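Spelled out, the chains give:
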Amino acid sequence: MAGTAFLKTTRTAGVSQSQFLGFTKARAIFFLLFAALIAVGPQFLYPIFLIKVYCFIIFACGYNLLLGYTGLMSFGHAAFFGMGAYLCGYAATQWGLPFELSVLAGTVIAAAMGLVFGWIAIRRTGLYFAMITLALAQMVYFIAMQAPFTGGENGIQSIPRGTVLGFIDLSSNTTLYWVISVIVLAAVAFYNRIIHSPFGQVLRAVRNNPERAKSLGYNVDRFKLAAFTISAAMAGFAASLKTITFGIATLTDVSYVISTEVVLINLVGGIGTIFGPVVGSFFILSLEHFLAPYGPWVLLIQGIVFTVFVLLFRQGIVGELQKRFRTHL
Amino acid sequence: MANAVLTVRGIVRSFGAFRAVDEVNLDIIEGEIHALIGPNGAGKTTFFNLLTGSLPLTEGEIRLRGEVISGLPMDEIARRGIVRSYQISSIFPDFTALANVRFALQRKRGANFDFWRSERSLESLHGRALELLDELGLVEWADVRAGDLPYGRKRALEIATTLALDPQILLLDEPTSGMGREDIGRVVDLIRKVSKGRTVVMVEHNLSVVEGLCNNVTVLARGRVIASGSYKDVASNEKVVEAYLGAAHA
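Each value, and the rule that gives it
Residues numbered from 1 in each chain as written. Chains lettered and ligands numbered in written order. Predicted model: local features only at pLDDT ≥ 70, side-chain atom pairs only at ≥ 80, totals over all residues. Heavy atoms only, no water. Helix = DSSP H or I, 4+ residues; strand = E, 2+ residues; numbered from the N terminus. Rg over C-alpha atoms; globule rule 2.2 N^0.38 Å. Buried < 20%, exposed > 50% of the residue type's maximum accessible area, 1.4 Å probe, protein only. Contact = heavy atoms within 4.5 Å. Domains from an automatic or database assignment. Buried area = accessible area lost by both parts, 1.4 Å probe. Salt bridge = Lys/Arg side-chain N within 4 Å of Asp/Glu carboxyl O. Pairing = 2+ DSSP bridges. Axes fitted to C-alpha atoms, helices over the stretch in contact; angles between N-to-C directions. Nonpolar A, V, L, I, M, F, W, Y, C, P; charged D, E, K, R; others polar. Parallel < 35°, antiparallel > 145°, perpendicular 65-115°, else oblique. Left-handed = near helix turned anticlockwise from the far one by under 90°.

Enquirer: Can you explain the overall build of chain A? Please cite residues and give values.
Expert: Check the secondary structure of chain A and you find 14 helices and four strands. The globule rule puts the C-alpha radius of gyration for 329 residues at 20 Å, and the 20 Å found for chain A is close to it. Along the three orthogonal principal directions, the C-alpha set of chain A runs to about 70 × 45 × 45 Å. Counting over 329 residues, chain A shows a buried share of 56%. A separation threshold of at least 6 residues defines the contact pool for chain A, and within that pool the share at least 24 residues apart is 75%.

Here is the structure:
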């Protein structure tokens, strides 16, 4: 037992001793930097654009939980994003539900769909898993085109923003901005907690060596399904916030473009990193926003970005920063 | 057979027309160290895969303490107390050595779906994890990424991880493979130590390890049992000599 007592006090299986809001020191600095950016953001950029970025950060965090920490690549997350958007919009316009319950409805439907799609898809791995998710999402797209409640090509329009807790009126862009800002910070902290929880530890092990995890008695499929469902719920939550912000839910939200965009965001930001989704969302959505006047050229530039990152920076921006500063972000 | 903790009856595993395990019957007695030996391609690892549910049976039945376990998924069999190590070290390469052992202890502790709880709640397992690492001579490597460990240390880590589950039946697939003499001695001592109150089944090529450690030996060749008994009995068996050295030496 030589050395054991010493180790008990100093070794922590990679968990840093000093933490802030559940973040290690380096991540806490990054988190505070992000909070500072949020605080000054509206001084320089249009708040509605920033809100869109924050919604995609939540979406991308959920996706990274699946791809980066569980090792499952889905091409079908548009189904959860799109249906979350539709149900939130429908709940607010047709049922007259307040902001909180409309967002909850969008989140719950996405989680329920994630549970069903995940149950079907986790029977396969790798490319087959990805193809099943894509096929299921295409079926949802078809349903969204045909079903009357989605409004078809017109989508659901004039969705009211409502109020938070009955007294914070969201009709002002500034108020909405601060409400969504608090939500995105909480969502990133929640995502960090999932990754650094006993559950997150199992997910990382499943990605590392699923066969060994099974041989140690872990029901790997159940953990994959749980991760898939949480990821889908986060997609629905993000989509609901976006729907409330823009007052519209359309076919674009449920199209395969959304599924590929969230992959691209994580690839550029850094798969398997906490802040990859944050950096990736800012990068990709800024490209789309600032290059919008150039029309279809945006797609060409996105293609070039994708190729460059796959060939030269496979760990993404945050992954490269981690390597350079020898830390975990 | 009396006191048989694990009963294997007529198990077959076919890959197309090839029978990797062919009509094997075996009783593993409670508390014994049982060796499975045989030339390369005899079906030893396939047999282990069948015992642990890693591969489905084509025919036959396996019972643990009288209960049928064949057909159960691998994780369920592990939870019932049959845990294995692998021929090629199976670890979590991105985890530290300490986190590898802690991960096995975590399964026994439960509450693994707690996504709201901090990872720090697992620190209560560090004491036991360090004890296990210490037993395997790995305590100095506790903070090293498991994928960066030397080969012999990886094997030791895998055994430590397996032991962390305190299994009823420990299946060791070539536990000393690739180890130096000093490490082999350490692992043999450890197996002897952990076998107290536990049943051990091991595939092993090093016959001096088998001779010094095992109460019973079963010899497989071409998927079939060709001899069974004490090391002395099987070592003098003509069929065994033939299987290892060819008919000219029998």
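Enquirer: Residue-level account of the domain arrangement of chain B, with values.
Expert: All names here are of chain B. Here chain B is described as being made up of domain 1 (1-81 + 169-250) and domain 2 (92-166). Just the C-alpha atoms count here: the centres of domain 1 and domain 2 sit 27 Å apart. Across the contact, 15 residues belong to domain 1 and twelve residues belong to domain 2. Taken together, both faces of the contact between domain 1 and domain 2 bury some 1200 Å²; the carbon and sulfur share is 61%. Looking only at domain 1, the three residues that lose the most surface to domain 2 are Arg186, Leu190 and Arg198, adding up to 35% of its buried area. For the pair domain 1 and domain 2, the number of links is two salt bridges. Note that Arg198 is salt-bridged to Asp166, the shortest N-O span being 2.1 Å.

Enquirer: With reference to specific residues and values, describe the sheet that holds strand 10 (residues 224-229) of chain B.
Expert: Residue and element names in this part refer to chain B. Reading across the sheet, the six strands line up as 6-7-8-3-9-10 and stay open at both edges, with mixed pairing between neighbours. The open sheet terminates on both sides in strands that have one partner only, identified here as strand 6 (82-84) and strand 10. With direction set aside, neighbouring strand axes in the sheet form an average angle of 20 degrees. Across three bridges, the pairing between strand 6 and strand 7 (residues 169-173) is parallel. Counterpart to Val83 in the pairing with strand 7 is Leu170.

Enquirer: Explain the interface of chain B and chain A to me, and be specific about the residues and the numbers.
Expert: When the parts come together, some accessible area is lost, and that loss is often what is quoted as the size of the interface. Chain B puts 50 residues into the contact, and the matching count from chain A is 40 residues. When the area that chain B buries against chain A is broken down by residue, the three leading residues are B:Phe113, B:Phe115 and B:Glu119, summing to 18%. Across the chain B-chain A interface, the total number found is two salt bridges. If you list the elements that add at least two residues to the side of chain B that touches chain A, you get helix 2 (74-79), strand 6, helix 3 (97-109), helix 4 (126-135) and helix 5 (151-164) of chain B. Broken down by element, the residue count for the side of chain B that touches chain A peaks at eight residues, all from helix 3 of chain B. Residues that form the side of chain B that touches chain A fall into these classes: 21 nonpolar, twelve polar and 17 charged.

Enquirer: Just give me the short version of the packing of helix 2 (residues 25-44) of chain A against helix 7 (residues 173-195) of chain A, but keep the residues and values in it.
Expert: All names here are of chain A. For the pair helix 2 and helix 7, interaxial distance at closest approach is 11 Å and the crossing angle is 165 degrees. Viewed along their axes, helix 2 and helix 7 adopt a mutual orientation that is roughly antiparallel. Considering the relative orientation of helix 2 and helix 7, their crossing is right-handed. Residues Arg27, Phe31, Phe34, Ala35, Ile38, Ala39, Gly41 and Pro42 of helix 2 lie in contact with helix 7, whose contacting residues are Tyr177, Trp178, Ser181, Val184, Leu185, Val188, Ala189 and Asn192. Here the contact of helix 2 with helix 7 is built from residues that sort into twelve nonpolar, three polar and one charged.

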